[in-house]
Amino acid sequence: MGYRVDVAGEQEKRARSSSGRQSLSAGDWVDIALVALGEGGLAAVAIEPLAKRLGATKGSFYWHFANREALIDAALARWERLNTERVIVAVEASSSEPVAENRLRRLFKEVPAAGGGDDVEVALLAEARHPQVSAALRRVAERRISYVTQVFVDLGFSHAEAQRRGLLSYTFHTGQISLLHADPDALPRTRQDRRHYLDTLIHTLLRAD
C-alpha cells in the first residue's frame, strides 16, 4: 500500500550538514530524532546523544523544545506528514485513467522492495504501547484506511465492502513491512516476480464476490 517515503538518508544528510552551525532549527532536531528513532527506537531519542550528533549543546535543544516529549511529538508529526499525507498527495497527482485502479496500483508499488523498508515505522510498531506512539499510529492507520476505502468506493464498491477491502489492503501493508525486516528472502526478489505478485494482489482485491 505504499505509505513509505525513503527519507532517512535525506534526514541524516541534513542533520550532518547542520553540524557546525551556530544556530540549529527545530527541524534539524526533528530530523536527527527521526534518524535515531529508526536506528534504535524511542530509547535512542535522547537529548545529549542527539546534541552530540549535531555538534550542538543542550541549550540549543531547549531553545526549541520544552522537553523530550515535545521533540517526540514533533518527530511523530513529521513522520505522519512524510509517510502518509505526502504520499497520498503524490499518488493523487500522478495517477491517470482509469484513475481509481491506478491509484491503488501506485500505492502498492510504493511498498519497498525486498531488502528495504521503513525503519521508522518498524520502530514505532515495536513501541506501540507508548502513549505518544500509540496515538500517532492510530491516526495514521485511520487516515490510510480511510483513503484506500475511498479508492475502492471510486471503483464502484459499496461503502461497507470498500471498508473491508481497505482494511485488508492495510493489513497487507503492515504485514509486508514486518516481513521485509524479519525475513526479506520470503518475498519476491526480481522485478518480474514482484510485478506478478502485485498483479495477483490487485486482482484479488478487485475481484467481485
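Here is what the cut-offs are and how they apply
Residues numbered from 1 in each chain as written. Predicted model: local features only at pLDDT ≥ 70, side-chain atom pairs only at ≥ 80, totals over all residues. Heavy atoms only, no water. Helix = DSSP H or I, 4+ residues; strand = E, 2+ residues; numbered from the N terminus. Areas by Shrake-Rupley, 256 points an atom, 1.4 Å probe, with all protein chains shown as cover. Axes fitted to C-alpha atoms, helices over the stretch in contact; angles between N-to-C directions. Parallel < 35°, antiparallel > 145°, perpendicular 65-115°, else oblique. Contact = heavy atoms within 4.5 Å. Nonpolar A, V, L, I, M, F, W, Y, C, P; charged D, E, K, R; others polar. Phe/Tyr/Trp six-rings, centres within 6.5 Å; stacked < 30°, edge-to-face > 60°. Buried < 20%, exposed > 50% of the residue type's maximum accessible area, 1.4 Å probe, protein only. Patch = residues over 30% accessible without salt bridge, like charges linked within 9 Å, V, L, I, M, F, W, Y side chains within 5 Å. Salt bridge = Lys/Arg side-chain N within 4 Å of Asp/Glu carboxyl O. Lys, Arg positive; Asp, Glu negative; His and termini not counted. Charge placed at Lys NZ, Arg CZ, Asp CG, Glu CD. pLDDT = per-residue confidence, 0-100. Core = buried A, V, L, I, M, F, W, Y, C linked by side-chain atoms within 4.5 Å. Expected span 1.5 Å × (residues − 1).

### Details of the overall build of the protein
A count of helical and extended segments in the protein gives 10 helices and zero strands. Counting helices and strands in the order they occur from the N terminus, the protein gives α-α-α-α-α-α-α-α-α-α. Working note: accessible area of the protein is about 10800 Å², and carbon and sulfur atoms make up 53% of it.

### Considering the packing of helix α2 (residues 26-40) against helix α5 (residues 68-94)
One way to put it is that α2 packs onto α5 with a least axis distance of 9 Å and a crossing angle of 80°. Our classification of the angle between α2 and α5 gives roughly perpendicular. Residues G27, W29, V30, D31, A33 and L34 of α2 touch α5, and the partners they reach there are L71, A74, A75, R78 and W79. Considering only residue class, the contact of α2 with α5 consists of eight nonpolar, one polar and two charged.

### Concerning the packing of helix α7 (residues 119-126) against helix α9 (residues 159-182)
Two elements in contact, α7 and α9, have axes whose closest approach is 10 Å; the angle formed by their N-to-C orientations is 100°. Of the possible angle classes, the one that applies to α7 and α9 is roughly perpendicular. Here D119, E121 and V122 of α7 lie close against α9, whose contacting residues are Y170, H173, I177 and H181. Considered class by class, the residues forming the contact of α7 with α9 number three nonpolar, two polar and two charged.

### Observations concerning the packing of aromatic side chains
By the definition in use, this model includes six aromatic pairs. Residues F61 and Y62 carry aromatic rings whose centres are separated by 5.0 Å and whose planes lie at 85° to one another, so their mutual orientation is edge-to-face. In this structure F61 comes out as buried when scored by relative accessible area, which is 0%. Accessibility expressed as a relative area gives 45% for Y62, which makes it partly exposed. Put simply, the rings of W29, F61, Y62 and F65 touch in pairs and so form one group of aromatic residues.

### A short note on a positive patch on the surface
Residues K109, R191, R194 and R195 make up a contiguous surface patch of positive charge. In terms of residue count, helix α10 (residues 191-206) provides more of the positive patch than any other element does, three residues in total. Within the secondary structure layout, R195 lies in helix α10. The class for R195 is partly exposed, based on a relative accessible area of 43%.

### Structural notes on the confidence of the model for the protein
On average, residues of the protein score 84 in pLDDT, and 83% of them are at 70 or above. When mean pLDDT is taken per element in the protein, helix α3 (residues 47-54) scores highest with 96 and helix α1 (residues 8-18) scores lowest with 47. pLDDT under 50 marks residues 15-21. Its contacts with residues more than four places away, or in other chains, come to 10 contacts.

### A word on the nonpolar core
One finds W29, L50, L71 and L124 to be the most contacted residues of the largest nonpolar core, which totals 30 residues. Looking at this core, the elements with two or more residues in it are α2, α3, α5, α7 and α8 (131-154). If you tally residues by element for this core, the top one is α2, at eight residues. Residues within four places of L50 in sequence aside, it is in contact with W29, I32, A33, A36, A44, V45 and L71. The next biggest cluster of nonpolar side chains, apart from the first, holds 17 residues, and it includes V87, L104, L201 and L205.

### Observations regarding α9
Across its 24 residues, α9 extends 34 Å between first and last C-alpha, which sits within 8% of the 34 Å expected from 1.5 Å per residue. Buried within α9 we find E161, A162, R165, G166, S169, Y170, F172, H173, Q176, I177 and L180.

### With respect to α2
Here α2 is 15 residues long and its end C-alpha atoms lie 21 Å apart, about the 21 Å a rise of 1.5 Å per residue gives. Burial analysis of α2 places 11 of its 15 residues in the buried class, which makes it a mostly covered element. Looking one or two residues past α2, G41 carries a phi angle of roughly 75°, positive in sign.

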